[in-house]
Amino acid sequence: MSMKKIVEYRKLLNVTKTATLKELKSIYRNSMKDFHPDTIADEAERLEAEAKSTAFIEAYHFLVSIAPETAEKNKEEYNKTVATAGLADFYFDDSILHIHFTDGAKYEYFGVPKATYIKMVNADSPSRFARRNIHGVFTYRSASKLVAGE
């Protein structure tokens, strides 16, 4: 999930990065009313509506996971993890930095430049590097509860 994909999701739902959860939910519901496959009789149109509704569902769930309100709701837990837990593992995939902490928490950080990841790998203390250069800098979401494929 690259930053480009996040921009595409926002464009699909016609929202900005400051969209509230209430706004996202309203737009999502209205979009689903317009494109719900069960409301369309024509086979070809129904298949197109299924594809659009799947895209809306994916975009909605992802944008909710990175919304400022979601981050605020989970801030105490997040701050505790990044302040007290060490790094159990981390890896980089398609501009996403995946960090697994020793307390079992997992987070994905979006838009991390490869050069930043390389600096983290080569740092004397990747954990300290992450506290200074990753946490609080990049858009993130909890990956601890994600289902495979999300």
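Read on for a plain summary of the structure.

## Details of the overall build of the protein chain
Here is step 1 of the chain: Across its full length, the protein chain holds seven helices and four strands.
Here is step 2 of the chain: In the protein chain, the order of α-helices and β-strands from amino to carboxyl end is α-α-α-α-α-β-β-β-α-α-β.
Here is step 3 of the chain: Counting only C-alpha atoms and orienting by the principal axes, one finds that the protein chain spans roughly 60 × 25 × 25 Å.
Here is step 4 of the chain: A separation threshold of at least 6 residues defines the contact pool for the protein chain, and within that pool the share at least 24 residues apart is 57%.
Here is step 5 of the chain: Of the roughly 9300 Å² of accessible surface on the protein chain, a fraction of 52% belongs to carbon and sulfur atoms.
Here is step 6 of the chain: For the protein chain, the separation between the mean place of its 22 positive charges and that of its 21 negative charges on side chains is 8 Å.

## Side note on the side chain of S53
Here is step 1 of the chain: Of note, S53 is situated in helix α3 (residues 43-66).
Here is step 2 of the chain: Among all residues touching S53, those that are not within four sequence positions of it are M32, F35 and P37.

## Quick word on the packing of aromatic side chains
Here is step 1 of the chain: Tallied over the full model, the rule gives ten aromatic pairs.
Here is step 2 of the chain: A centroid spacing of 4.9 Å and a plane angle of 80° characterise the contact between Y78 and Y107, whose relative ring orientation is edge-to-face. One end of the pair, Y78, is in helix α5 (residues 75-84); the other, Y107, is in strand β3 (residues 106-110), and 29 residues separate them in sequence.
Here is step 3 of the chain: When its relative accessible area of 4% is taken as the criterion, Y107 is described as buried.
Here is step 4 of the chain: Seen in terms of ring centroids, Y78 and Y140 are 4.0 Å apart; in terms of plane orientation they differ by 15°. Their pairing is stacked. In this pair, Y78 is assigned in helix α5 and Y140 in strand β4 (residues 139-142), connecting sequence segments 62 residues apart.
Here is step 5 of the chain: Site record: aromatic cluster; members linked through ring pairs are Y78, F101, Y107, Y109 and Y140.

How each quantity is defined
- Residues numbered from 1 in each chain as written.
- Predicted model: local features only at pLDDT ≥ 70, side-chain atom pairs only at ≥ 80, totals over all residues.
- Heavy atoms only, no water.
- Helix = DSSP H or I, 4+ residues; strand = E, 2+ residues; numbered from the N terminus.
- Contact = heavy atoms within 4.5 Å.
- Areas by Shrake-Rupley, 256 points an atom, 1.4 Å probe, with all protein chains shown as cover.
- Lys, Arg positive; Asp, Glu negative; His and termini not counted.
- Charge placed at Lys NZ, Arg CZ, Asp CG, Glu CD.
- Phe/Tyr/Trp six-rings, centres within 6.5 Å; stacked < 30°, edge-to-face > 60°.
- Buried < 20%, exposed > 50% of the residue type's maximum accessible area, 1.4 Å probe, protein only.

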